[in-house]
Amino acid sequence: MLWDVDHTLVSASGLSRRLYEAAFAKVTGRALERLAPMAGRTERAIAAETLTLNGVAASETALLELCAALAAEFAAHEAQISEDGRALPGAEAALAALARRSDVVVQSVLTGNIQSVAISKLAAFGLADHLDFAVGAYGMDHADRPRLVRLAQQR
């Protein structure tokens, strides 16, 4: 069972934009002027477009630096995730119900988030215990979200 994170299991209530602003400033030394659309996209695609929209070449190095800074921002603000966000209704019950099944059900995530960000968001609301993060697919695995399905199946 592959779960999406944002708007399926949790809501981070706009925290991502604020943390993107901080990460972008740390990496580039400038203020973020434009953030690429985020809904339904992978972090790789969002970060690459955000760099381009702000006049920064979206090289692999710049992309990795921005995503590493974003992951660090989420880690530093983990308490704020639980303060500002929330687990969505039924999320914990659904995860727990599948974990109790007598047949083998492996639960993981297929998300546009960076792996560490997905774990931070889920852990903030006690939703990480029933998930096998090693077999999931994440936003830095590929820019094209549909390709994450095949990757998670292979894992």
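Description of the structure in this document. (Residues numbered from 1 in each chain as written. Predicted model: local features only at pLDDT ≥ 70, side-chain atom pairs only at ≥ 80, totals over all residues. Heavy atoms only, no water.)

1. Focus: the overall build of the protein chain
Reasoning step 1: A tally of helices and strands in the protein chain yields 7 helices and 4 strands.
Reasoning step 2: When the helices and strands of the protein chain are placed in sequence order, the string is β-β-α-α-α-α-β-α-β-α-α.
Reasoning step 3: For the protein chain, whose C-alpha radius of gyration is 16 Å, the value lies close to the compact-globule estimate of 15 Å for 155 residues.
Reasoning step 4: Counting only residues that meet the buried cut, the protein chain has 44% of its 155 residues in that class.
Reasoning step 5: At a minimum sequence separation of 6, the contacts of the protein chain that also span at least 24 residues come to 70%.
Reasoning step 6: About 7,600 Å² of surface is accessible on the protein chain, with carbon and sulfur atoms providing 53% of the total.
Reasoning step 7: Computed over 15 positive and 18 negative side-chain charges, the inter-centroid distance for the protein chain is 5 Å. (Helix = DSSP H or I, 4+ residues; strand = E, 2+ residues; numbered from the N terminus. Rg over C-alpha atoms; globule rule 2.2 N^0.38 Å. Buried < 20%, exposed > 50% of the residue type's maximum accessible area, 1.4 Å probe, protein only. Contact = heavy atoms within 4.5 Å. Areas by Shrake-Rupley, 256 points an atom, 1.4 Å probe, with all protein chains shown as cover. Lys, Arg positive; Asp, Glu negative; His and termini not counted. Charge placed at Lys NZ, Arg CZ, Asp CG, Glu CD.)

2. Considering the packing of helix 1 (residues 15-28) against helix 3 (residues 60-76)
Reasoning step 1: At a closest axis distance of 8 Å, the pairing of helix 1 and helix 3 adopts a crossing angle of 125°. Relative to helix 3, the element helix 1 lies oblique. Handedness of the helix 1/helix 3 crossing: right-handed. Counted together, L15, S16, L19, Y20, A22, A23, F24, K26 and V27 of helix 1 and E65, L66, A69, L70, E73 and F74 of helix 3 form the full contact between these two elements.
Reasoning step 2: Looking at the contact of helix 1 with helix 3 residue by residue, the class counts come to 11 nonpolar, 1 polar and 3 charged. (Axes fitted to C-alpha atoms, helices over the stretch in contact; angles between N-to-C directions. Parallel < 35°, antiparallel > 145°, perpendicular 65-115°, else oblique. Left-handed = near helix turned anticlockwise from the far one by under 90°. Nonpolar A, V, L, I, M, F, W, Y, C, P; charged D, E, K, R; others polar.)

3. Considering the side chain of K121
Reasoning step 1: As for its placement among the helices and strands, K121 is situated in helix 6 (residues 115-123).
Reasoning step 2: In terms of polar contacts, K121 uses its side chain to reach the side chain of N113, at 2.9 Å.
Reasoning step 3: Look past the residues within four positions of K121 in its chain and what remains in contact with it is V5, D6, V10, A12, S16, F74, I81 and N113. (Polar contact = N/O pair within 3.5 Å; in protein donor to acceptor, adjacent residues only side chain to side chain.)

4. Focus on the pattern of salt bridges
Reasoning step 1: Considering all chains together, one arrives at 10 salt bridges under this definition.
Reasoning step 2: A salt bridge links R17 to E21; the nearest nitrogen and oxygen atoms lie 3.3 Å apart. Here R17 pairs with E21, and both are found in helix 1, just 4 residues apart, close to one helical turn.
Reasoning step 3: The class for R17 is partly exposed, based on a relative accessible area of 37%. (Salt bridge = Lys/Arg side-chain N within 4 Å of Asp/Glu carboxyl O.)

5. Considerations on the nonpolar core
Reasoning step 1: L9, Y20, V109, L122 and L127 are the most contacted members of the largest nonpolar core, which has 41 residues in total.
Reasoning step 2: Broken down by secondary-structure element, the contributors of at least two residues to this core are helix 1, helix 2 (43-53), helix 3, helix 5 (91-99) and helix 6.
Reasoning step 3: No other element matches helix 3, which puts 8 residues into this core.
Reasoning step 4: Apart from residues lying up to four places away in sequence, Y20 is in contact with L32, L35, M38, E43, I46, A47, T50, L66 and L70. (Core = buried A, V, L, I, M, F, W, Y, C linked by side-chain atoms within 4.5 Å.)

6. Structural notes on helix 2
Reasoning step 1: Those residues of helix 2 that sit buried are E43, R44, A45, I46, A47, T50 and L51.
Reasoning step 2: For helix 2, the secondary structure elements touched by its buried residues are helix 1 and helix 3.
Reasoning step 3: Residue G55 follows helix 2 closely and has a positive phi angle near 75°.

7. Quick word on unusual backbone geometry
For residues other than glycine, phi is negative in most cases, and the peptide bonds are mostly trans.
Reasoning step 1: In this structure, H7 takes a positive phi of about 70° despite not being glycine.
Reasoning step 2: By the secondary structure assignment, H7 is in the loop between strand 1 (2-3) and strand 2 (10-11).

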